[in-house]
Amino acid sequence: MNQHQSGMTLSQHQPLQSDMSHQLLERHLQQTNDRLRRIQQLLFSTSTFQNAAEELLEWCSDIRAFQPRFEDALVKCLLAVGQICQSPNIDIDLAYRLLVMCSSHRDKLCANSQSLICELVDRVTGLMLVRRQAKQQGAPGLHGGGVAVQNQSGVPSQQPVPWQSQPQDIPGNNFMNSLNHNPMPQQQQRQQQ
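A brief structural summary. None of these values were measured; they are calculated from a predicted model.

### So, the overall build of the chain
Line of reasoning, step 1. Along its length, the chain carries nine helices and two strands.
Line of reasoning, step 2. Listing each helix as α and each strand as β along the chain from the N terminus yields α-α-α-α-α-α-β-β-α-α-α.
Line of reasoning, step 3. A fraction of 62% describes how many contacts in the chain between residues 6 or more apart in sequence connect residues 24 or more apart.
Line of reasoning, step 4. With an accessible surface of roughly 11900 Å², the chain has 50% of that area assigned to carbon and sulfur atoms.

Given below as structure tokens:
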């Protein structure tokens, strides 16, 4: 089609194409953030954690996952991973791999998100050590969330493992609590940098 048939010049077509491209980009960004919010919900359930974490791990293997427009939703997913890891039925190795993947790209994120990811890696590493030590000691209460001990009468009873009874002792937990009580939007953080 030439200029005379359409009634528009080539330069008049470019803004239309630019508007369409912008709309498509905005739609893609919105769909991705919507999916991340859904993944966040799925991460909080022991029955859906595995698939959600695997999907998030695959998505985070692409550097484009660490764009500022996805940062808030991604960080919320990682917080969900950090919280659900306290459940004994969670694949903590998968959670660790996911957090380490994000840690390797944390330089693309704001300072607060970088710190949070480091704290989450420390927290999950601590949980992994506790679980592995309990497993090596043959603790029958490992899957029940505690360690079997004998009380004074010699009867086995379940005692919570230290990190369950005192969550403030979990590496990174105080940092996460401070974020929950005083969250700062990511965009404000970038403006302060």
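Further notes follow.
### A closer look at the nonpolar core
Line of reasoning, step 1. Counting 39 residues, the largest nonpolar core has L43, F49 and L56 as the members making the most contacts within it.
Line of reasoning, step 2. Where this core is concerned, the elements lending two or more residues are α2 (10–43), α3 (49–60), α4 (68–84), α5 (92–104) and α6 (111–136).
Line of reasoning, step 3. Examining the composition of this core, we find that ten residues originate from one element, α4, more than from any other.
Line of reasoning, step 4. For L43, the residues in contact, after removing those within four places along its chain, are F49, A52, A53, L56, C77, A80, V81 and I84.

### Digging into the state of the cysteines
Line of reasoning, step 1. Throughout the structure, instances matching the rule amount to zero disulfides.
Line of reasoning, step 2. C60 supplies the cysteine sulfur nearest to C102, a cysteine that is in no disulfide, at a spacing of 3.6 Å.

Conventions we followed
- Residues numbered from 1 in each chain as written.
- Predicted model: local features only at pLDDT ≥ 70, side-chain atom pairs only at ≥ 80, totals over all residues.
- Heavy atoms only, no water.
- Helix = DSSP H or I, 4+ residues; strand = E, 2+ residues; numbered from the N terminus.
- Contact = heavy atoms within 4.5 Å.
- Areas by Shrake-Rupley, 256 points an atom, 1.4 Å probe, with all protein chains shown as cover.
- Core = buried A, V, L, I, M, F, W, Y, C linked by side-chain atoms within 4.5 Å.
- Buried < 20%, exposed > 50% of the residue type's maximum accessible area, 1.4 Å probe, protein only.
- Disulfide = S-S within 2.5 Å.

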